[in-house]
Amino acid sequence: MSNAQQKRASLFVIDVAIRDLRARREHGDLRGEIEVSGLSVLNLANRAYSLGVYKPEEARMLSQLVLRLADVLPANPDDRKEVRA
């Protein structure tokens, strides 16, 4: 995939999701797992979309999923709303 030529520009929704995660990281509002995996997945999705092998609808859904995970998972695992049994 690295040798392929880019066929189209990156998708705006992916760029926004990446900026959102980076901003959360700067403020300490992002769990480490989401920082690493979420940013990696979004960057890969951006590359795949640019190469024309990833549909815009799929890229949008993936961006929403990653941001939703960042929303629901606390930045600190000890910040759970309920104590596990």
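Residues numbered from 1 in each chain as written. Predicted model: local features only at pLDDT ≥ 70, side-chain atom pairs only at ≥ 80, totals over all residues. Heavy atoms only, no water.

(A) Representation of the environment of Asn76. Looking at the element boundaries, Asn76 is found in the segment after α3 (56-72). Given a relative accessible area of 34%, Asn76 falls into the partly exposed group. Asn76 sits 47 residues away from Asp29 along the chain, and the two C-alpha atoms are 8.5 Å apart. (Helix = DSSP H or I, 4+ residues; strand = E, 2+ residues; numbered from the N terminus. Buried < 20%, exposed > 50% of the residue type's maximum accessible area, 1.4 Å probe, protein only.)

(B) Highlighting the side chain of Arg31. Counting through the fold element by element, Arg31 comes out in the loop between α1 (12-27) and α2 (32-51). Under the relative-accessibility criterion, Arg31 is labelled buried at 16%.

(C) Here's a closer look at the packing of α2 against α3. Where α2 meets α3, the axes come as close as 10 Å, and the angle between the chain directions of the two elements is 170 degrees. Judged by the angle between their axes, α2 and α3 are roughly antiparallel. In contact with Ile34, Gly38, Val41, Leu42, Ala45 and Tyr49 of α2, α3 contributes Pro56, Leu62, Ser63, Val66, Leu69 and Ala70. Here the residues of the contact of α2 with α3 sort into 10 nonpolar, 2 polar and no charged. (Axes fitted to C-alpha atoms, helices over the stretch in contact; angles between N-to-C directions. Parallel < 35°, antiparallel > 145°, perpendicular 65-115°, else oblique. Contact = heavy atoms within 4.5 Å. Nonpolar A, V, L, I, M, F, W, Y, C, P; charged D, E, K, R; others polar.)

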